[in-house]
Amino acid sequence: MAKLVGVFAASHAPLIIRGWKDVSAANQASLTRSLTELGGRIKAAKPDVLIEIAPDHWVNFFINNLPSICVGMGEEHEGPAEPWMKDCPYKTIKGHPKLAHHIVETALERDFEPSMSHHLTLDHGFCIPLWRGGLDPLPPIVPIIFNDLEPPYPTVRRCLQWGAMLSEAVRTYPEDIRVAILATGGLSHSIGEPTMGEIDEPFDRECIRHFENGDERKLVDFLNERLPTIGNGAAEIRNWVAAHGAADRRGFELIGYCNCPEVYVGCGFASWNLGARA
Amino acid sequence: MRDYWLSKLFFDLQSSPALGEEYRTGRKSILDRYPLKPEVRKAVERDDVVFLASRVNPYLLRFYFVVCGMPEAEFLKKVRNAGAESAARSSHG
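Cut-off values and rules
- Residues numbered from 1 in each chain as written.
- Chains lettered and ligands numbered in written order.
- Predicted model: local features only at pLDDT ≥ 70, side-chain atom pairs only at ≥ 80, totals over all residues.
- Heavy atoms only, no water.
- Axes fitted to C-alpha atoms, helices over the stretch in contact; angles between N-to-C directions.
- Helix = DSSP H or I, 4+ residues; strand = E, 2+ residues; numbered from the N terminus.
- Parallel < 35°, antiparallel > 145°, perpendicular 65-115°, else oblique.
- Left-handed = near helix turned anticlockwise from the far one by under 90°.
- Contact = heavy atoms within 4.5 Å.
- Nonpolar A, V, L, I, M, F, W, Y, C, P; charged D, E, K, R; others polar.
- Expected span 1.5 Å × (residues − 1).
- Buried < 20%, exposed > 50% of the residue type's maximum accessible area, 1.4 Å probe, protein only.
- Disulfide = S-S within 2.5 Å.
- Polar contact = N/O pair within 3.5 Å; in protein donor to acceptor, adjacent residues only side chain to side chain.
- Phe/Tyr/Trp six-rings, centres within 6.5 Å; stacked < 30°, edge-to-face > 60°.
- Lys NZ or Arg CZ within 6 Å of the ring centre and 35° of its normal.
- Arc of directions from axis to C-beta.
- 1 Å grid on protein atoms, 1.4 Å probe; cavity = no way out; pocket = protein on both sides within 12 Å on 5 of 7 lines; lining within 4 Å.
- Points joined across faces, edges and corners; volume = space filled by probe spheres on them.
- Buried area = accessible area lost by both parts, 1.4 Å probe.
- Salt bridge = Lys/Arg side-chain N within 4 Å of Asp/Glu carboxyl O.

### Focus: the packing of helix H5 (residues 156-171) of chain A against helix H8 (residues 237-246) of chain A
Residues and elements named next belong to chain A.
Logical step 1: Running from N to C, H5 and H8 point in directions that differ by 40°, and their axes come no closer than 6 Å. In terms of their interaxial angle, H5 and H8 are classed as oblique. Considering only the axes of H5 and H8, their crossing is right-handed. The residues of H8 that touch H5, namely those facing Val156, Cys159, Leu160, Gly163, Ala164 and Ser167, are Arg238, Val241, Ala242, His244, Gly245 and Ala246.
Logical step 2: Considering only residue class, the contact of H5 with H8 consists of seven nonpolar, four polar and one charged.

### Quick notes on H5(A)
Logical step 1: With 16 residues, H5(A) ought to run about 22 Å at 1.5 Å a step, and its terminal C-alpha atoms sit 23 Å apart, in line with that.
Logical step 2: For H5(A), the set of buried residues is Val156(A), Cys159(A), Leu160(A), Trp162(A), Gly163(A), Met165(A), Leu166(A), Ser167(A), Glu168(A), Ala169(A) and Val170(A).

### Some thoughts on the state of the cysteines
Residues and elements named next belong to chain A.
Logical step 1: All told, the structure shown has zero disulfides over all chains when counted by the stated rule.
Logical step 2: Between Cys70, a cysteine without a disulfide, and Cys159, which holds the nearest cysteine sulfur, the sulfur-to-sulfur distance is 15 Å.
Logical step 3: For Cys70, a relative accessible area of 0% gives the class buried.
Logical step 4: For Cys258, which is in no disulfide, the shortest distance to another cysteine sulfur is to Cys260 and amounts to 4.4 Å.

### Some points on the environment of Glu72(B)
Logical step 1: Structurally, Glu72(B) can be placed in helix H7 (residues 72-91).
Logical step 2: Residues Glu72(B) and Ser7(B), 65 residues apart in the sequence, show an inter-C-alpha distance of 21 Å.
Logical step 3: If sequence neighbours within four positions are ignored, Glu72(B) has contacts with Met196(A), Tyr264(A) and Arg62(B).

### As for the environment of Arg24(B)
Residue and element names in this part refer to chain B.
Logical step 1: Mapped onto the fold, Arg24 is located in helix H2 (residues 17-25).
Logical step 2: Along the primary structure Arg24 and Gly69 are separated by 45 residues, whereas in three dimensions their C-alpha atoms are 7.8 Å apart.
Logical step 3: Excluding residues within four positions of it along the chain, Arg24 makes contact with Val67 and Cys68.
Logical step 4: Within the local environment of Arg24, its side chain forms a polar contact with the side chain of Glu21, the two groups lying 3.0 Å apart.

### Description of the packing of aromatic side chains
Logical step 1: Summed over the entire model, instances satisfying the criterion amount to 17 aromatic pairs over all chains.
Logical step 2: For the pair Trp240(A) and Phe252(A), a centre-to-centre distance of 6.3 Å together with 40° between the ring planes defines the contact as tilted. Here Trp240(A) is found in helix H8, whereas its partner Phe252(A) is found in strand S9 (residues 252-260), with twelve residues between them in sequence.
Logical step 3: What makes Trp240(A) buried here is its relative accessible area of 0%.
Logical step 4: Taken together through their ring pairs, the aromatic side chains of Trp58(A), Phe62(A), Tyr4(B), Trp5(B) and Phe11(B) make up a single cluster.
Logical step 5: One residue, Arg18(A), lies across the ring of Trp84(A), its end atom 5.8 Å from the ring centre.
Logical step 6: One residue, Arg55(B), lies across the ring of Phe51(B), its end atom 3.7 Å from the ring centre.

### What about helix H4 (residues 38-45) of chain B?
All names here are of chain B.
Logical step 1: Within the sequence span of H4, burial applies to Val40, Arg41, Ala43 and Val44. Down the axis of H4, the sector holding all buried residues measures 160°, keeping them to one side. Turned more than 90 degrees from where H4 packs its buried face, Pro38 and Lys42 sit exposed.
Logical step 2: Packed against the buried residues of H4 are helix H1 (4-15), H2, helix H3 (28-31), helix H5 (49-53) and helix H6 (58-68).

### Concerning the layout of surface pockets
Logical step 1: In this structure, the largest pocket spans a volume of roughly 730 Å³.
Logical step 2: What lines the largest pocket is a set of 34 residues, among which Glu82(A), Pro83(A), Trp84(A), Gln14(B) and Phe63(B) lie closest to the centre.
Logical step 3: In terms of residue class, the lining of the largest pocket is made up of 18 nonpolar, eleven polar and five charged.

### Looking at the interface of chain A and chain B
Logical step 1: Contacts between the two partners involve 22 residues from chain A and, on the opposite side, 23 residues from chain B.
Logical step 2: Carbon and sulfur atoms make up 64% of the area that chain A and chain B hide from each other, which totals about 1900 Å².
Logical step 3: When residues of chain A are sorted by the area they lose upon contact with chain B, Trp58(A), Phe62(A) and Met196(A) head the list and together hold 32% of the total.
Logical step 4: Where chain A meets chain B, there are one salt bridge.
Logical step 5: Between Arg2(B) and Glu150(A) there is a salt bridge, and its shortest N-O distance comes to 2.7 Å.

### A few points about empty space enclosed by the protein
Residue and element names in this part refer to chain A.
Logical step 1: The final tally for this structure, using the stated rule, is one cavity of 30 Å³ or more.
Logical step 2: What the largest cavity holds in volume is close to 70 Å³.
Logical step 3: Taken together, Asp56, Trp58, Phe61, Leu66, Pro67, Ile145, Phe146, Asn147, Leu149 and Glu150 make up the full set of residues lining the largest cavity.
Logical step 4: A per-class count over the lining of the largest cavity returns seven nonpolar, one polar and two charged.

### Brief notes about the pattern of salt bridges
Residues and elements named next belong to chain A.
Logical step 1: The tally for this structure, following the rule as stated, stands at 23 salt bridges over all chains.
Logical step 2: Notably, a salt bridge pairs Glu168 with Arg110, separated by 2.7 Å at the nearest N-O pair. Of this pair, Glu168 sits in helix H5 while Arg110 sits in the loop between helix H3 (97-109) and strand S6 (115-117), and the two are 58 residues apart along the sequence.
Logical step 3: According to the relative accessible area criterion, Glu168 is buried, its value standing at 18%.
Logical step 4: The residue Arg226 makes a salt bridge to Asp200 at a minimum N-O spacing of 3.4 Å. Within this pair, whereas Arg226 is found in helix H7 (residues 216-226), its partner Asp200 is found in the loop between strand S8 (178-184) and helix H6 (201-213), the two being separated by 26 residues in sequence.
Logical step 5: Overall, Asp200 belongs to the partly exposed group, its relative accessible area being 22%.
Logical step 6: Counted as one network, the salt bridges with shared partners bring together Arg157, Glu216, Asp248, Arg249 and Arg250.

Below you can see the structure in the form of structure tokens.
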């Protein structure tokens, strides 16, 4: 049977790539340290497949057909299409259709109804943490897109449940493979709104404390209350919540946090110690 | 509220570098392809960030003005003023 060997989370601010020269030396050092550590931990987990949860930044979907959650079933995915991601080494990215199929089957069995795609383009949200984390070559990836961009969003509680279901799907996959999960996005930021550029570090710190404490109800209540009051980019924390659910809500460890106004994002990086499971 | 055809225009422009380049060269021929309401088209033509912000997803708004080549500082100033301006416009009916 497959084994879940690592659960991770990372921010994916585009300006880490296209505005890097304008980032202060101290913040460059902080982001580089965190991304390198994240990449090192993913590599150390030796995953045969990586399930990656990220939003779609208007690359695959539009408002004429906008799934809440979509699983990438393809044998191959396209690398990022953004012109400023042209130096990214991932032009095509191998998928893992059999695990993706099993995830969808498990989801349906558990009363989730995800959308499916047999050909996705993986934008900067998927690729920046992997690229800057030094993952080259990549393991095959099963991408899962959460709608974190256009309200109404999946509920925080549902994202937690999705994570738990993903963990079950991995555990019940019949092949003897190692699987890791990486969720990307967040923490606080605001894009294209009057609050654009504002980072709410107290919110980010409190959010991190809730992940560390592991109390599901407090985390869900906190996010339900606060997410609607801060920048739209924080909606992506839902992906972290799914990772938290996959890790059975235990073992959160902050790798690094950088309040980085040059990239408009409170950047967080984390992993879950799966040995902390009761 | 989302304006579908305005959103579609912004989506198409950020999806295709060639279309974006054509748009920067001359907007009219591309705008003619979308059934925009007259007041929406006028807002596009005068870069009325406040008006447009209330009708499209904020990420698409940002991507659109990147495609248009609006300097970052100018976009930030306009979008940050959008909240106050929007409130002022609605208070004047």
